[in-house]
Amino acid sequence: MPTLSDSAPIKAKQPDEIWFTRCPVPTATGIAYKLCWLTESFEGDGIALRTLQESGSELGRHHYDHRLPTLIREGGNMLAIAARAQGEPTKLIGLTWIEESQLILARPDSGIRSAADLKGKRLALPGWSHNDIPSHVRGTSIARGMSLAGYKGALASAGLSFDDVDLIETPDRLRNIGGSGRDLQPRESGQRSGVGRLWPIEALVEGKVDAIYVKGAAALDQARENGLVVAIDLDALPDPRFRVNNGTPRPITVHQSLIDDHFDLLVRFLAVTLRAADWVAEQPDRLRDILEYETEGSAQAVDQAYARLHEGLHPTLDDERLTLFDLQKKFLFTHGFLDADFALSDWVDPRPLEAARALNAQRPQPVAIPA
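Thresholds, definitions, all that
- Residues numbered from 1 in each chain as written.
- Predicted model: local features only at pLDDT ≥ 70, side-chain atom pairs only at ≥ 80, totals over all residues.
- Heavy atoms only, no water.
- Helix = DSSP H or I, 4+ residues; strand = E, 2+ residues; numbered from the N terminus.
- Expected span 1.5 Å × (residues − 1).
- Buried < 20%, exposed > 50% of the residue type's maximum accessible area, 1.4 Å probe, protein only.
- Phe/Tyr/Trp six-rings, centres within 6.5 Å; stacked < 30°, edge-to-face > 60°.
- Lys NZ or Arg CZ within 6 Å of the ring centre and 35° of its normal.
- Salt bridge = Lys/Arg side-chain N within 4 Å of Asp/Glu carboxyl O.
- Pairing = 2+ DSSP bridges.
- Core = buried A, V, L, I, M, F, W, Y, C linked by side-chain atoms within 4.5 Å.
- Contact = heavy atoms within 4.5 Å.
- Axes fitted to C-alpha atoms, helices over the stretch in contact; angles between N-to-C directions.

A. Broad picture of helix α5 (residues 142-157). The terminal C-alpha atoms of α5 lie 23 Å apart, and with 16 residues this matches the ideal 22 Å at 1.5 Å per residue to within 8%. Here α5 lies mainly inside the structure; 13 of its 16 residues are buried. Phi for Gly-159, located one or two positions after α5, is positive at around 75°.

Laid out in C-alpha cells, this is it:
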C-alpha cells in the first residue's frame, strides 16, 4: 500500500485572484492593466486580477507591508526595501529605471541656477510620517527619504555634501499613509492617492526655505501654479548615481509563497507586462491618457516628466541596476529608514523574469488598440 511519503507533492490550490499594486507612477504593470491585457490573460482560468488602488477595502495596507501572499508589487523602492528589512519573506524579481522629472525647485529670485548654488542655502526636509503602525513610520516617510536622496545627488554632483547646506524640517504632508490603506482609495476630488501633494510647496512660497526637492508630473503642475522655477534638473546630471532615489531603480517584488506555489502564474503576469513595455517602446506617443491617469498629472506635465519613459520600462536584474539599487538600500539604512540591513544578493530571484522572457519568445506579440 502506498504511503504518504511515496505520493507526489501536493500542488497548491489555484488562487481565485491575483493582486497587484503600483505607486502613482508609470509602470509596465499599470499600462498592461489599462490596456486590459492582464485581465484577459487570466480570465480564462477564472482568476480575477485585482489592484489595491481600486479595491476599496482595508487590503490597501498591503501596499506598504507586502503581507498579501498573491501580491505583485511594482513601485517605489523605499516601501519594498523597508518591508524586507522588517522580515517580510519577499523576493526582488526585477528592476526598472525610469527618468521621471526629479527637480530642485526655487523661487525666481533665489539666485539658484545650479547645484553649486545650493551651498549655504536652506533646503526643506519633510518630517517623519505619522503612521498608525509605529514600525512603518521610517519606511513610509517617503517625502523625507526622496528629498534627502535628491539633495544628496545634487550636492554630490557639485562636490558638496549635507555639511554645506541647512536642512529645515517641515511638517509631514500625509498622515496615516500606511495604517489603513485610505490613501490608496479613490477620492471625490479625482485625486486617488495624494502623493502629488507630498512636497512642502508652501514653505518655499512663503520664504521659509530656499529650495525643495520634487518628483513627477503632479509636482510640475504645482510648481507652475505657484510661480516656482526649476533650479536644478537632476535628470540632466550625467552620472546615474546622482539620480538614485525611491523610483530609480524601481523594484518589482513578490511574496516568496507566490514563487513557491504559483510560479507559472507569476511568469505569465510578467510576460504580459514585458509585452506592454514592448508596446510602449514601439509607440510612445500613444501613452498620454494612460499616464495622466497613473500619475495624476496634466497632459503638459506628463509630456515634460516622462519624455523618456519608453527607455526604461523593461525590468532587468543586470549588474548596473543592482549596484545602483544597493546604493539606495545602504543610503536608507544609513539615514534611519530601515529596521535592519540585509544582503541584497539574498533577496534577488532571477528565475521568474528569465522564464517570462522565454515564454514571450515562444509566442507572437499581441496588437492592442487602447480604448
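B. Summary view of the packing of aromatic side chains. The final tally for this structure, using the stated rule, is six aromatic pairs. Measuring from centroid to centroid gives 5.1 Å for Phe-20 and Tyr-33, while their planes differ by 70°, and the two rings are edge-to-face. Of this pair, Phe-20 sits in strand β1 (residues 17-22) while Tyr-33 is found in helix α1 (residues 28-34), placing the two residues 13 residues apart along the sequence. With centroids separated by 4.9 Å and ring planes inclined at 45°, the aromatic side chains of Trp-128 and Phe-337 adopt a geometry described as tilted. Of this pair, Trp-128 sits in the loop between β6 (122-126) and α5 while Phe-337 sits in the loop between α12 (319-334) and α13 (344-347), and the two are 209 residues apart along the sequence. The class of Phe-337 is buried, set by a relative accessible area of 2%. Here a set of aromatic residues connected by ring pairs shows up, and it is made of Phe-20, Tyr-33 and Phe-269. Across the ring face of Phe-342, the terminal group of Arg-84 is positioned such that the distance to the ring centre comes to 6.0 Å.

C. Just the pattern of salt bridges, in detail. Per the counting criterion, the structure on display carries 15 salt bridges. Of the charged contacts, one joins Arg-243 and Glu-99 as a salt bridge, the two residues approaching to 2.9 Å between their closest N and O atoms. Separated by 144 residues along the polypeptide, Arg-243 in the loop between β9 (229-233) and β10 (250-255) and Glu-99 in the loop between β4 (90-96) and β5 (102-106) bring together distant segments of the chain. Considered together, Arg-243 and Glu-99 belong to a single accessibility category, that of buried residues. A salt bridge links Asp-341 to Lys-329, with the nearest nitrogen and oxygen atoms 2.7 Å apart. One end of the pair, Asp-341, is in the loop between α12 and α13; the other, Lys-329, is in helix α12, and twelve residues separate them in sequence. Overlapping salt bridges, with partners in common, bring together Arg-107, Asp-109, Arg-122 and Asp-210 in one network.

D. Expanded view of the pairing of strand β3 (residues 71-74). Both faces of β3 are covered, namely the face carrying Leu-71 and Arg-73 and the face carrying Ile-72 and Glu-74. Here β1 pairs with β3 via four bridges, running parallel. Looking across to β3, one finds that Phe-20 is bridged to Ile-72. Both β3 and β10 contribute to a ladder of three bridges, which runs antiparallel. Counted as the bridge partner of Arg-73 is Thr-253 from β10.

E. Layout of the nonpolar core. Core analysis: the largest hydrophobic core is formed by 38 residues, its most contacted members being Ile-104, Leu-105, Leu-118, Tyr-151, Trp-199 and Ile-212. Of all elements in the fold, only β5, β6, α5, α6 (201-205), β8 (211-215), α7 (217-225) and β9 reach the threshold of two or more residues within this core. A per-element tally of this core places α5 first, with six residues. Look past the residues within four positions of Ile-104 in its chain and what remains in contact with it is Leu-118, Tyr-151, Ala-211, Ile-212, Tyr-213, Val-229, Val-230, Ala-231, Ile-232 and Leu-234. Counting 34 residues, the second-largest nonpolar core is a separate cluster that includes Ile-72, Ile-98, Phe-269 and Leu-313.

F. Representation of the pairing of β1 within the structure. The element β1 is extensively covered by neighbouring structure, given that five of its six residues are classed as buried. Sheet analysis places β1 next to strand β2 (residues 48-51), joined by four bridges and oriented parallel. Looking at β2, one finds that Glu-17 is bridged to Ala-48.

G. How the structure looks around α7. Burial within α7 is extensive, with seven of its nine residues counted as buried. Listing the buried residues of α7 in full gives Ala-217, Ala-218, Ala-219, Leu-220, Asp-221, Gln-222 and Ala-223. Positive phi appears at Gly-227, one or two residues downstream of α7, with a value of about 70°.

H. The arrangement of unusual backbone geometry in detail. A cis amide bond, omega -5°, links Thr-248 with the succeeding residue Pro-249. Take Pro-249: it is sitting in the loop between β9 and β10. Unlike most non-glycine residues, Cys-36 shows phi in positive territory, near 70°. Within the secondary structure layout, Cys-36 lies in the loop between α1 and α2 (37-43). A positive phi angle is found at His-66, which is not glycine, with a value near 60°. For His-66, the position within the fold is in the loop between α3 (62-65) and β3.

I. Spotlight on the sheet that holds β3. Read from one edge of the open sheet, five strands run β2-β1-β3-β10-β4, paired in mixed fashion. Of all the strands in the sheet, just β2 and β4 have a single pairing partner and so form its edges. The average angle at which neighbouring strand axes cross in this sheet is 20°, direction not considered. Packing against the sheet, helix α4 (residues 77-85) makes contact with β3, β4 and β10, and its axis sits at approximately 40° to β10.

Without other data, these values stay purely geometric and don't point to any function.
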